[in-house]
Every structure is written in C-alpha cells, then in structure tokens.
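Below are the chains, spelled out letter by letter.
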Protein chains: 2
Amino acid sequence: ADKVKRFPGLVRREIWKVGKDDPRRILHSLKVGLALALVSLLYLMEPLFKGIGSNAMWAVMTVVVVMEFTVGGTLSKGLNRGLGTSLAGLLAFFIEYLADNPDQIFRAIFIGAAVFLLGAAATFVRFIPYIKKNYDYGVMVFLLTFNLIIVSSYRVDNVLKMAKDRISTICIGVGLCLVMSLFVFPNWSGEDLHKSTISKLEGLANSVEATVVEYFSDSKKQANEDDSSEDPIYKCYEAVLDSKARDETLALQASWEPRYSKCCQRIPWQQYAKVGASLRHFSYTVVALHGCLQSEIQTPRSIRDLYKDSCIRLAQEVSKVLRVMANSIRKKHQFSLQILSNNLNEVLQDLDNALKSQPQLLLGSRNSRSRTPKISTKATAHNDNRLEEETRLSLSSIKSDCCSPVGSKSKEHSREQIKEGQRQKKVLRPQLSKIIITSLEFSEALPFAAFTSMLVEMVAKLDHVMDKVEELGRMSHFREFRDGDDDE
Amino acid sequence: ADKVKRFPGLVRREIWKVGKDDPRRILHSLKVGLALALVSLLYLMEPLFKGIGSNAMWAVMTVVVVMEFTVGGTLSKGLNRGLGTSLAGLLAFFIEYLADNPDQIFRAIFIGAAVFLLGAAATFVRFIPYIKKNYDYGVMVFLLTFNLIIVSSYRVDNVLKMAKDRISTICIGVGLCLVMSLFVFPNWSGEDLHKSTISKLEGLANSVEATVVEYFSDSKKQANEDDSSEDPIYKCYEAVLDSKARDETLALQASWEPRYSKCCQRIPWQQYAKVGASLRHFSYTVVALHGCLQSEIQTPRSIRDLYKDSCIRLAQEVSKVLRVMANSIRKKHQFSLQILSNNLNEVLQDLDNALKSQPQLLLGSRNSRSRTPKISTKATAHNDNRLEEETRLSLSSIKSDCCSPVGSKSKEHSREQIKEGQRQKKVLRPQLSKIIITSLEFSEALPFAAFTSMLVEMVAKLDHVMDKVEELGRMSHFREFRDGDDDE
C-alpha cells in the first residue's frame, strides 16, 4: 500500500529528471505535437481536405514515424522513406505490367509469388551489415509500400492515381518533418557527438586525477567508497566504456546532416568515432588503474607518500593533456603535440628523479618496519650501488631526449619533430620503467610497481589518443596552433 | 572500370557470407515471404476479401513491421502493437465523446488541441528510460493509431466500425506473425543469449591461453602479428568488450518469451546479462594482459623461460575454469566452486614454488648478461637470504590453505566451505604476490612483474565471474554437481 502511495511521487520525480537532464527533450516533444497538429489540418480544413482526401492519413503516419530527435535521424529516416516508397512504387508498377492478364487466378498466383519472393529477398538484404547500418528503414518501407500497392492493384483499378496521391502525401509529411527539424530549434547529431567527445575527454581527465589522488589519500575514505557502488570515479569513465553503440549511431546520423566546416569541407564525423574508439582503449587502462585502489594488498603509506608528488604530477599532466585536447576540439584549433609530449616527458623524468633521489629515505622507512629487518643493511649497500649504476646510464639518455631542438613552426617540420619526439619518448619510457622497478624491489612494493607501470602504460595509450585527435584536427581543418592556446 | 567489374563479385561474396554465417537468416527470410504471401490471400481470395475489405491492408502492414528475427522480438513488438492500438482506440473514442458538439469549428479546434497535447506527451514519455526500454514501439503505435482515429472521426461517421475492423485486421496480422515465429522453425532470443554466453566464455578461455603461450613463445612470430590488425587473440575477446548492447537486447527479448526451465520456473535472463557484465570486466584485464605482449621493453627470454611452465599452467587453469563454466551452462548442471578454487590455488602455489625454487638459476642467467655484472655476486647472497625467509612465511600459510577438509557434499555446507575457501584464497593471493615481486627484483623484470601481477589480478576478476555463474546456476535450478561433470 505504501508503495502504491509513493508511486505517483516516483513517476513525477522520474519525469522531472528526464526533462531536467536534457531540456531539449521538452522542446522536441512540443515540436512533434505541433507537427502533428499542423498535419492534421490537412484533414480538418475543408479546402485542404478537398485536394488530398483521405490519403492525408499517410502524411499523419509519416510524421509520427519519421520525426526523430536529431536532424540527422529525421533526414536519414525521411530520405529512406522517400527512396523506399519511390522504388517500391516503380517496381510494383513493373510487376503489375507483367501480370496484366485477363485470367484472375493467374494474376492472383503471379502477385502472390511476387510478394513471397520480394518479401524473402528484402528480408535477407536487411541482414547485410552495410544495408542494415544505412538503409534498414528504407528496405522496410520498400517492402511495405510494394506489398500495399501490388496487393491493392488486384482490386482497385486506378492504382496509378492512388500511388501518386500516396507518394505526394508522404512527401508532404516528410517535408513538414524536415522543416520542423531543420528550422525550429534544430538538434544536430554532429553537435551531440562533438560535445560527447569533449565530455568524455574531460570525464577521463577527472577520473585519472581522482584515482591517483585517492590512491595517495587517507585510506579510510577509500574503504567507504568501495562499499557504495556509486563510486564517482567509476561514473566518470563508465560512460566511455559503453559508448560504442551511441558513438556509431551519432556518427552515422551526423553523416546525413548537411553541415560543413568553415572551408566548405565535410566534417569527418567518422574520425570522431575513431577518437571514441581510442578513448575506449585508453579507458581500459583507467579501469586497471582504478582496480589498483581496490586490491587487497597495499604498499605502506610511508613508501607511497615518498612518490606521491611525482605520481600526482604525472596524473595531472595526463589529465591536462586530455583537457587540452578537449579544449582543442571545443574551440576548433589544433594543439601542439610537441609541447604536450615534452611536458609528459618532463613529468615522467620527475617521477624517475623522485624514485632515484629517495633510496636512503626508502630504505629508512623500510628499516622501521618489522618484516625484513635482518637483511635490510645488506640490501641498503647493494641497492645504493645498483641504483647509482642505472641512474647514470639512464640520465644520459634522458638528457639527450629533452634537449632536442625546438624551433621552426612550419607544419611539416614540426610534424616531423613530433614523430621524432614520439620515437624518443618511446625510447625514454622503457629506461624510466627500468629505474622505477629497480628502486621498488621490496615485497610491499608490488602493488605500487603495478600502479606505476599502469601509469606509464596509460601514457602509451594516451599517445594513440593524441594521434587520433591530432588527425581529427587536420581533417576538420581546425585553425593552426598559436602560442597561448593551451593556457586557457 | 575494374572496380565496377569486380562489384558483382563482391556483392555475391557478401551475400554468400551473410547466409553462411547464420543459415537461420535464410530460413527467416523465407518465413517472412511466406507470411506476406499468406496475408495477401486476405486480399486476393474473393470470400476472405468480402469479409474484411480493404482494411486487409492493415494486416499486411502489421506483418511487415512486427515480424522480427526472434520469437522474443516478434512477441514484444506484437504485444506492444496490440496494446498501443487498443489503448489509442479507447482514448480516441473518449475524446470524440467529449468533442461531440454540433459546431464544426469547435470540434476541429478541440481535435487539433488533443492531437497536439497527446503528441507532445507521448513523445516526452518515450524519453523515460523504462518506457524507452520496454514500450517504445507501443507508445509510437499508440500515437499513430490515436491520430489516425481521432482525425478520421472528423470526416467519417461510422468510426466505431472502422476502428473495430482495423483492430481485428491488426490482430490477424499479429496472430499470423506469432504463429510463424513460434511454430515454424522458431529462433529464440534466450537460446541466442545462452549460446553467446557460452561462446564468450570459451573465447576468453582461448584468448587467455593464447596470450600466455604467445608471451613465452618465439618472439619473431609475435612481431609479425603486431603488424597485422587481424590478431586472432584480439578477435577472441573483442566480441566480449562490445557485447553490452547485444546482451541487453537479447535479455530483454528473452524475457518476453514464454520459456520455462524444468521446474516451471522462469529462466533468469537478466542474470545472463549480469554474467555478461562480469565477463566484460574480466576482459578488461585480458586486454591489459594482451597489452603486455605489445610493450616495447621485454624481460629477457632466458628469465621468462624459467617461469614458463608455471605461468602457462596458471593460464591453462584459468582457461579450464572458464571452460568448465561454459560446459556447466551448456549442460545445465552446477559446477563445484570448491574444486575449481582449489585447483586455482594449487597452480598459484605452483607459480610461487617456481619463483622460489629457481633463485640460483635466475641469478645465473643474470650473470651471463652484461648490464649489472659488478653487483651480481652480492645480490646473490642477499637474495638467497631474503627469499628463504619469505618462503618459510608463505609456505606455511599456503599449506594451511590447501589442507582444508574436503568432505561432506550437502549443499549448504559446501557453500560455506566455498566461501571459506574464497576467503582463504584472498589471503593466499597477496602472499604469493609478495613472493613473486620479491624474486623479480631486477630491472628487466618489470614487464614480467606486471605480466604476473595481471595474471594474479585476472584470478581475482575470475572469482567475480564464478560467483555470477554460480548464482545463475542456482537461479535456473541447474541440476546439482556430480563427480565427473568437470572431466568432460
């Protein structure tokens, strides 16, 4: 009984939420209502009805079926409907012409066979992936119209007029839908895709930052958040993990939309889908990183705290890169791959320095713990030796990386440099990883080593995302990078 | 020109592939053709046409729109269509009753307002997630029918008869679709879901095994496969990563299907979706593990080879657990969580033993390399000490784990034991990880440590999958586990 009483409140809250989440939905609902009311006038107003007659029904039907939330959706359905209807009409007349025989039974059999064959063929065609993706609705409408016309033709004499009336009313319906979609507060799929790409980049930036901060924060709070499934970090990247279907639909609808970039070139919506795919792969690493928070064995806080600053700085740099890319897409300017790569290299080096500079501290904290007291002095001596050794090796390689000349701004040249920078970074990274693991050789350090290696892996995946976004920038003819663009 | 010439061949191959991938598609196409031919008889045969008249058109339309590939899809669309039409009819008559006024202009305005309001409300309702998921099509049909009836009512006098005819023809169409779906070679969504769950489990099993084998195999072959994007390992788990939309659609459609398990209880399709979700999370770890193959720095083969057997054995055990679960779902019997957990524990312990037993060998191979020759003797002494220390600690805990009594087969009891076993495994795992990282303290060992820690992480995720599958077994009342079930 209590549940029944609460039910209206629940419904009201749900409806309120749906409207508040996206106010365009309310607008769209009113638009559909208006379109339906307008198309009803064909029936309700005497002069209009005289011209069209009861075929006005088809216009009503078209409006209900074709009107979609976004311009791309409406256009793709409308054009599919138009095309399907026209083709079906032509074919139906051709078959009727073939079936033109005084013998009624022969005609019936002929029509039945045609219906069977076309029905089976059209249904099978709908399974072909390319058709299914682009023209599924069109084939269905084709089948529908073909059947209606060919079957009616058996009884009605003036099928040609009927078909013409029907097609013209469908055109009226499609036209009304397009006008309402295109000119009255239009919702563009492309814009949605654009915005969702930006918000995914920013969501990932937030979750990377939050994950690393939480890893180094008070562990009590952490335990609490494990219990609730409402983990805010999870929510940030959850949307990215399952974005495939939505991305592809939006990219498909957007490709129907008549929108062009400044230079009158098509906006490469499929590239947005590719950026989405690379973000999904990036997010798998974020999942693994987030998993480190929940694993049962944890490196002692005292050790973690030593590297807190460098790790957080690396995470912040990764987040910054993601945000710069988000901004670059939002403001439609390209970004400087080189500067970002250099910054990333710098913080990777920072982390490396931190791991190198603290061997004594690390060992000191180790000494204060009870597990491996017997061997710690021996280990100290040995470690110092080895660390210094490796440090010398890798520092030299790092220095040669960071001093690569930065100069000319001509695009081709900087592109080359970037490639070079990336190659150097790829050389740099393994070196760093070696040092990282070297300084983290003790048992409690496994989870921290995994965490660090995930951070480094994330930078590798980030490379891929940066490539895709940079390609998007070039394909969309974003304006070139200017100094100060990244500061915003 | 060459492209045009090749085009027919391409199309033919594509069509052949679509049919070969799933021969049920051909059957379904023939079924739709047959259904359309049958429904056309309403029009083509004189006695039937006399009874129904030109409203037979609605039956044709219904068949085209409602007939879906699976029984669940057809049922959900058919019932949605029936419900939507009936409700719309009722509401339309109610509103017509209200609008019963001799003044034609008042009636027109009243009808127009009703169309606008209902159109806006119905469109908005379609945005509510619950409605969108279950009744989207129903609401659309409701809006369509309501508009057609209310608008027609303005001109046609005998609306009641028209509506009755229309509803009865729609019922004929829906009935025909259901008969064709349910009784002529039915395709069940539930069966698809069942099979796809099994194949996902097996695909993951294959990819885990292949990844680990490839990690320890000849590195030349590995480089080749990096180049081609046609990586067979990727293909195995790719289907799992993006399975969310398909799983949920199938589970939804399956829940409309009138299928019951042996004990006349509903099959918990939503639990299949949950198993799918846990498999998706498991697959993120597989992605990370697979990423280890592609990372630029690799642990020297000589070191890797030492642990080859244990790692491969662990991977094989993980694969075996996945296959046992696949078999358990396929043959509808429960599986023994306890035995599987014990086996997993055993191979984890194996890996641990391997890591412990080879310190000399490990150091020997290290000596033979050039990077850290100065310190290797010191390290040897130190390592032996520490490893032995830790070994003693962890071996005792492992032994107490593995000797837990295995006996009574009463379900409750074994369930408790399983829980206990799981807890013990959770205690065991960190211990092992400690030893693993301890013995892998050298720089080249980072990638291997990450690989090993991913393997261990994978076992943790596997736990979750096992829980979900076990729950599925209980909810579906699979028959209880018997000795020998796992041997098949």
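Conventions used here
- Residues numbered from 1 in each chain as written.
- Chains lettered and ligands numbered in written order.
- Predicted model: local features only at pLDDT ≥ 70, side-chain atom pairs only at ≥ 80, totals over all residues.
- Heavy atoms only, no water.
- Helix = DSSP H or I, 4+ residues; strand = E, 2+ residues; numbered from the N terminus.
- Contact = heavy atoms within 4.5 Å.
- Areas by Shrake-Rupley, 256 points an atom, 1.4 Å probe, with all protein chains shown as cover.
- Phe/Tyr/Trp six-rings, centres within 6.5 Å; stacked < 30°, edge-to-face > 60°.
- Lys NZ or Arg CZ within 6 Å of the ring centre and 35° of its normal.
- Buried < 20%, exposed > 50% of the residue type's maximum accessible area, 1.4 Å probe, protein only.
- Polar contact = N/O pair within 3.5 Å; in protein donor to acceptor, adjacent residues only side chain to side chain.
- Expected span 1.5 Å × (residues − 1).
- Salt bridge = Lys/Arg side-chain N within 4 Å of Asp/Glu carboxyl O.
- Core = buried A, V, L, I, M, F, W, Y, C linked by side-chain atoms within 4.5 Å.
- Patch = residues over 30% accessible without salt bridge, like charges linked within 9 Å, V, L, I, M, F, W, Y side chains within 5 Å.
- Axes fitted to C-alpha atoms, helices over the stretch in contact; angles between N-to-C directions.
- Left-handed = near helix turned anticlockwise from the far one by under 90°.
- Nonpolar A, V, L, I, M, F, W, Y, C, P; charged D, E, K, R; others polar.
- pLDDT = per-residue confidence, 0-100.
- Disulfide = S-S within 2.5 Å.

Structural notes on the overall build of chain A
Here is step 1 of the chain: When its secondary structure is counted, chain A shows 19 helices and zero strands.
Here is step 2 of the chain: For chain A, restricting intrachain contacts to residue pairs at least 6 apart in sequence, the fraction spanning at least 24 positions comes to 82%.
Here is step 3 of the chain: Of the accessible surface of chain A, which amounts to about 21800 Å², a share of 60% is contributed by carbon and sulfur atoms.

Quick word on the packing of aromatic side chains
All names here are of chain A.
Here is step 1 of the chain: Under the definition given, this model contains 15 aromatic pairs over all chains.
Here is step 2 of the chain: Taking 6.4 Å as the distance between ring centres and 80 degrees as the angle between the ring planes, the aromatic pair formed by Tyr135 and Trp256 counts as edge-to-face. Of this pair, Tyr135 sits in helix α7 (residues 129–155) while Trp256 is found in the loop between α12 (244–254) and α13 (269–294), placing the two residues 121 residues apart along the sequence.
Here is step 3 of the chain: When the ring centre of Tyr137 is taken as reference, the NZ or CZ atom of Lys77 above it lies at 4.8 Å.

Details of the environment of Ser40 of chain A
Here is step 1 of the chain: Structurally, Ser40 of chain A is set in helix α2 (residues 24–44).
Here is step 2 of the chain: Judged by relative accessible area, Ser40 of chain A falls into the buried class, the value being 1%.
Here is step 3 of the chain: Each C-alpha atom, one on Ser40 of chain A and one on Ala59 of chain A, is 8.6 Å from the other, the two residues being 19 residues apart in sequence.
Here is step 4 of the chain: If we ignore the near neighbours within four places in the chain, the residues touching Ser40 of chain A are Val115 and Val151 of chain B.
Here is step 5 of the chain: In terms of polar contacts, Ser40 of chain A uses its side chain to reach the backbone carbonyl oxygen of Leu36 of chain A, at 2.7 Å.

Brief notes about the side chain of Ser152 of chain A
Here is step 1 of the chain: If you trace the backbone, Ser152 of chain A turns up in helix α7.
Here is step 2 of the chain: Note on Ser152 of chain A: relative accessible area 5%, which makes it buried.
Here is step 3 of the chain: For Ser152 of chain A, the side chain forms a polar contact with the main-chain oxygen of Leu148 of chain A, separated by 2.4 Å.
Here is step 4 of the chain: Excluding its chain neighbours within four sequence positions, the residues that come into contact with Ser152 of chain A are Met162 of chain A together with Tyr43 of chain B.

Some details on helix α6 (residues 104–125) of chain A
Here is step 1 of the chain: Spanning 22 residues, α6 of chain A covers 31 Å between terminal C-alpha atoms, matching the ideal 32 Å at 1.5 Å per step.
Here is step 2 of the chain: Taken together, the buried positions of α6 of chain A are Arg107, Ala108, Ile111, Gly112, Ala114, Val115, Leu118, Gly119, Ala120, Ala122, Thr123 and Phe124 of chain A.
Here is step 3 of the chain: Close packing links the buried residues of α6 of chain A with α5 (71–98) and α7 of chain A together with α1 (2–21) and α2 (24–44) of chain B.
Here is step 4 of the chain: The backbone nitrogen of Ile105 of chain A has a side-chain oxygen 3.1 Å away, supplied by the residue at the start of α6 of chain A, namely Asp103 of chain A.

Concerning the pattern of salt bridges
Residues and elements named next belong to chain B.
Here is step 1 of the chain: In the structure shown here, the tally under the stated rule is 24 salt bridges over all chains.
Here is step 2 of the chain: Between Lys195 and Glu191 there is a salt bridge; the shortest N-O distance is 3.8 Å. Residue Lys195 and its partner Glu191 are located together in helix α9 (residues 189–215), separated by four residues, close to a single helical turn.
Here is step 3 of the chain: Overall, the relative accessible area of 51% leaves Lys195 in the exposed class.
Here is step 4 of the chain: Exposure remark for Glu191: the relative accessible area of 31% places this residue in the partly exposed category.
Here is step 5 of the chain: Measuring nitrogen to oxygen at the nearest pair gives 2.7 Å for the salt bridge that ties Lys200 to Asp247.

A look at the nonpolar core
Here is step 1 of the chain: Ranked by size, the top nonpolar core spans 124 residues in total, and within it Phe282 and Met325 of chain A together with Phe282 and Met325 of chain B carry the most contacts.
Here is step 2 of the chain: Excluding residues within four positions of it along the chain, Phe282 of chain A makes contact with Leu204, Val208, Val318, Leu322, Met458, Lys461, Leu462 and Val465 of chain A.
Here is step 3 of the chain: The next biggest cluster of nonpolar side chains, apart from the first, holds 112 residues, and it includes Ile111 of chain A together with Val32, Val39 and Phe124 of chain B.

Quick notes on a nonpolar patch on the surface
Here is step 1 of the chain: On the surface, a nonpolar cluster with roughly 370 Å² of combined accessible area is contributed by Leu34, Leu38, Leu41, Met45 and Leu48 of chain A.
Here is step 2 of the chain: If you trace the backbone, Leu34 of chain A turns up in helix α2.

Focus: unusual backbone geometry
Here is step 1 of the chain: Its identity is not glycine, yet Phe185 of chain A carries a phi of approximately 40 degrees, on the positive side.
Here is step 2 of the chain: Position of Phe185 of chain A relative to the elements: it lies in the loop between α8 (159–183) and α9 (189–215).
Here is step 3 of the chain: Even without being glycine, Lys332 of chain B reaches a positive phi, approximately 55 degrees.
Here is step 4 of the chain: With respect to the element layout, Lys332 of chain B can be found in the loop between α14 (301–331) and α15 (337–357).

Re the packing of α2 of chain A against α8 of chain A
Residues and elements named next belong to chain A.
Here is step 1 of the chain: Viewed as axis vectors pointing N to C, α2 and α8 meet at an angle of 145 degrees, and their least axial separation amounts to 10 Å. Between α2 and α8 lies a crossing of right-handed hand. Between α2 and α8, the residues in contact are Lys31, Leu34, Ala35, Leu38, Val39 and Leu42 and Ile172, Leu176, Met180 and Ser181, respectively.
Here is step 2 of the chain: Considering only residue class, the contact of α2 with α8 consists of eight nonpolar, one polar and one charged.

Description of the confidence of the model for chain A
All names here are of chain A.
Here is step 1 of the chain: Residue-level pLDDT values for chain A average 73, and 73% of them are 70 or greater.
Here is step 2 of the chain: Low pLDDT (under 50) marks residues 220–228, which in the prediction has seven contacts with non-local residues, meaning those over four places away or in another chain.
Here is step 3 of the chain: Prediction confidence for the complex, expressed as pTM and ipTM, is 0.76 and 0.75 respectively.

A look at the environment of Met45 of chain B
Residue and element names in this part refer to chain B.
Here is step 1 of the chain: For Met45, the location among the structural elements is in the loop between α2 and α3 (46–52).
Here is step 2 of the chain: For Met45, a relative accessible area of 37% corresponds to the partly exposed category.
Here is step 3 of the chain: With 94 residues separating them along the chain, Met45 and Val139 place their C-alpha atoms 34 Å apart.

So, the state of the cysteines
Residue and element names in this part refer to chain A.
Here is step 1 of the chain: Counted according to the given criterion, the structure contains zero disulfides over all chains.
Here is step 2 of the chain: Not engaged in a disulfide, the cysteine Cys171 finds its nearest cysteine sulfur in Cys177; these two sulfurs lie 12 Å apart.
Here is step 3 of the chain: Take Cys171: its relative accessible area is 48%, and that puts it in the partly exposed class.

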